[in-house]
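The primary structure of each chain is shown beneath.
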Amino acid sequence: MKAVQYVEVGSAPEVREIPVPEPKPGQIRLRVLAAGLCHSDWFIMGLPAEAYSYPLPLTLGHEAVGVVDKLGEGVTEFAVGDDVAVYGPWGCGACAECARGRENYCPNAAKLGIHPPGLGSPGGMAEYLIVDNARHLVPLQGLDPVAAVALTDAGLTPYHAIKNVIDKLPGGSTAVVIGTGGLGHVGIQILRALTSATVIALDVTEEKLEHARSVGAHHTVLSNSEAPAAIRELTGGIGADVVFDFVGATPTLETARASVRVDGAIEVVGIGGGTVPTGFGSTPFGVSVRAPYWGSRDELMEVLGLARTGQLSVSVERFDIADAPTAYARLHEGTIVGRAVVVP
Ligand code: NAD
Ligand code: ZN
Ligand code: ZN
């Protein structure tokens, strides 16, 4: 089968021919219908050899949907032919966090060598994918695979970040979204669906800002050193109730710090290497700062539910699997609007 693989530290991903995997007892093989490209793939491919810890070659792709193709011994929860989305942050299944469906915060996964597909385990950017356990599948129930695949991360991650601070976004509040790419453009729609907050979106090009307005941002601001003043002005001098930073670099986190209001919150979703200073006086009084990771299984079900009722729509640029390396290059140069999705 064809698979998009990271082969050597520092090299570009390649499309390679590898054997079709067989499901072991308890596992499920999917024929992949669509797989999304995430900026986190570039993060891991940008790590130097001493910091890179996954096996090589690594099949990429931690956003995947597919059709159940073969059941490992003992699997009864799904049948061949079922369309499913993959819940990616695999945990141990036995701890208190996993019992709550919050496998993204499983304290045992790393030490047991359990890794998400595409982020340590063979990923979904291939013709077939092995899913370790039926609990990591959610029925698509009629959703279009290409339109829905990014909801498993680019939808789930902002959803989880927003749910955490939903109490800070009542009527009349303001939410700032920094970075309106894969995650950010879905985040704007989730904010509009779940809250009555005014949404201010920041990005670096007019094209991205136009797209942000088209998916529901009330105001857009170019992301530069003048952005905090613009946000203050749009909020009557008060600042934003919550800032969601989907970039997480030093300048964007400085924008977050400088534009959040007293008792507000900063959710640092992007892994751009920046930090927010904490300690008395370093942010407005009462500000909480959190760096969330992915989301829980029930939240994935909720996100898919929002899409089914037409309240979320991912802007997709579709690529054949042979063109996945081009799609990655485009993601890296910042010219994808919405999410790049590979169809094997
Ligand atoms: P993306 O490339 O699709 O989107 C990033 C967007 O940020 C682009 O629109 C880009 O133009 C914009 N941008 C870049 N520099 C900017 C700046 N200085 N100011 C404002 N906007 C800027 O990436 P993505 O796949 O949406 O991922 C976003 C970030 O979230 C990445 O860092 C990714 O690794 C991270 N991520 C984190 C989690 C998590 O669980 N915490 C999950 C998925 C992705
Ligand atoms: Zn991701
Ligand atoms: Zn666990």
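Note that the coordinates shown come from a computational prediction; the quantities given were computed from them, not determined experimentally.

Caption draft 1: Representation of the coordination of the zinc ion (ligand 2) in the model. Within the protein, the atoms that donate to the zinc ion (ligand 2) are Cys38 (SG), His62 (NE2) and Asp153 (OD), at distances of 1.8 to 2.3 Å. Positions of the donor residues of the zinc ion (ligand 2), expressed as sequence spacing, correspond to C-x23-H-x90-D. Taken together, the residues Cys38 in the loop between β3 (28–36) and α1 (39–45) and Asp153 in the loop between α4 (145–148) and α5 (156–164) connect sequence positions 115 residues apart. By relative accessible area, Cys38 is classed as buried at 4%.

Caption draft 2: Broad picture of a nonpolar patch on the surface. There is a patch of nonpolar side chains on the surface, built from Val262, Phe280 and Phe285 and spanning about 400 Å² of accessible area. Within the secondary structure, Phe280 sits in the loop between β13 (260–268) and β14 (288–290). A relative accessible area of 80% means that Phe280 is categorised as exposed.

Caption draft 3: Representation of the UniProt feature "domain: Enoyl reductase (ER)" (unreviewed entry) in the chain in the model. In the UniProt entry, the feature "domain: Enoyl reductase (ER)" (unreviewed entry) is given for residues 10–342. Annotated as residues 10–342, this span is 27% helix and 23% strand, and its ends, taken at the C-alpha atoms, are 22 Å apart.

Caption draft 4: Examining the site of ligand 1 more closely. Neighbouring residues of ligand 1: 27 residues in total, closest His39, Asp203, Ser223, Trp294 and Arg339. Taking Asp203, its side chain carries an N or O atom lying 2.6 Å from an oxygen atom of ligand 1. Protein chains bury 86% of the 870 Å² of accessible surface belonging to ligand 1 in isolation. Contributing elements (two or more residues each) for the shell around ligand 1: α1, α6 (182–194) and β10 (198–203). Broken down by class, the residue content of the shell around ligand 1 amounts to 13 nonpolar, 10 polar and four charged.

Caption draft 5: Expanded view of the coordination of the zinc ion (ligand 3). Coordination of the zinc ion (ligand 3) by the protein comes from Cys92 (SG), Cys95 (SG), Cys98 (SG) and Cys106 (SG), over a distance range of 2.3 to 2.4 Å. What the four donor atoms of the zinc ion (ligand 3) show is an angle range of 102 to 118 degrees at the metal, which sorts the shape as tetrahedral. Here the donor residues of the zinc ion (ligand 3) are spaced in sequence according to C-x2-C-x2-C-x7-C.

Caption draft 6: View of the nonpolar core. Within the largest apolar cluster, 82 residues are counted, with the highest numbers of intra-cluster contacts made by Leu30, Leu151 and Phe244. Once residues lying within four places of it in the same chain are set aside, the contact partners of Phe244 are Ala161, Ile162, Val165, Leu169, Ala175, Val176, Val177, Ile178, Leu191 and Glu267. Core analysis: the second largest hydrophobic core is formed by 16 residues, Val221, Ile231, Val260 and Val287 among them.

Caption draft 7: Broad picture of the packing of aromatic side chains. Overall, the coordinates contain five aromatic pairs when judged by the stated rule. Considering the side-chain rings of Trp42 and Tyr328, the 6.2 Å spacing of their centres and the 85 degrees angle between planes classify their relative orientation as edge-to-face. In this pair, Trp42 sits in helix α1 while Tyr328 sits in helix α11 (residues 324–333), placing the two residues 286 residues apart along the sequence. Neither residue differs from the other here; Trp42 and Tyr328 are each classed as buried. Taking the centre distance of 5.7 Å and the plane angle of 80 degrees together, the rings of Tyr52 and Tyr54 count as edge-to-face. Grouped by ring-pair contacts, the aromatic residues Tyr6, Tyr52 and Tyr54 constitute a single cluster. Cation over ring: Arg29 sits above Tyr128, and NZ or CZ is 5.2 Å from the ring centre.

The rules behind the values
Residues numbered from 1 in each chain as written. Chains lettered and ligands numbered in written order. Predicted model: local features only at pLDDT ≥ 70, side-chain atom pairs only at ≥ 80, totals over all residues. Heavy atoms only, no water. Donors = N, O, S within 2.8 Å, 3.2 Å for Na, K, Ca; no water. Helix = DSSP H or I, 4+ residues; strand = E, 2+ residues; numbered from the N terminus. Buried < 20%, exposed > 50% of the residue type's maximum accessible area, 1.4 Å probe, protein only. Patch = residues over 30% accessible without salt bridge, like charges linked within 9 Å, V, L, I, M, F, W, Y side chains within 5 Å. Areas by Shrake-Rupley, 256 points an atom, 1.4 Å probe, with all protein chains shown as cover. Salt bridge = Lys/Arg side-chain N within 4 Å of Asp/Glu carboxyl O. UniProt positions renumbered as here; feature names shortened; annotations may be inferred. Near = heavy atom within 4 Å. Polar contact = N/O pair within 3.5 Å; in protein donor to acceptor, adjacent residues only side chain to side chain. Nonpolar A, V, L, I, M, F, W, Y, C, P; charged D, E, K, R; others polar. Tetrahedral: all angles 85-135°; square planar, octahedral: opposite > 155°, others 65-115°. Core = buried A, V, L, I, M, F, W, Y, C linked by side-chain atoms within 4.5 Å. Contact = heavy atoms within 4.5 Å. Phe/Tyr/Trp six-rings, centres within 6.5 Å; stacked < 30°, edge-to-face > 60°. Lys NZ or Arg CZ within 6 Å of the ring centre and 35° of its normal.

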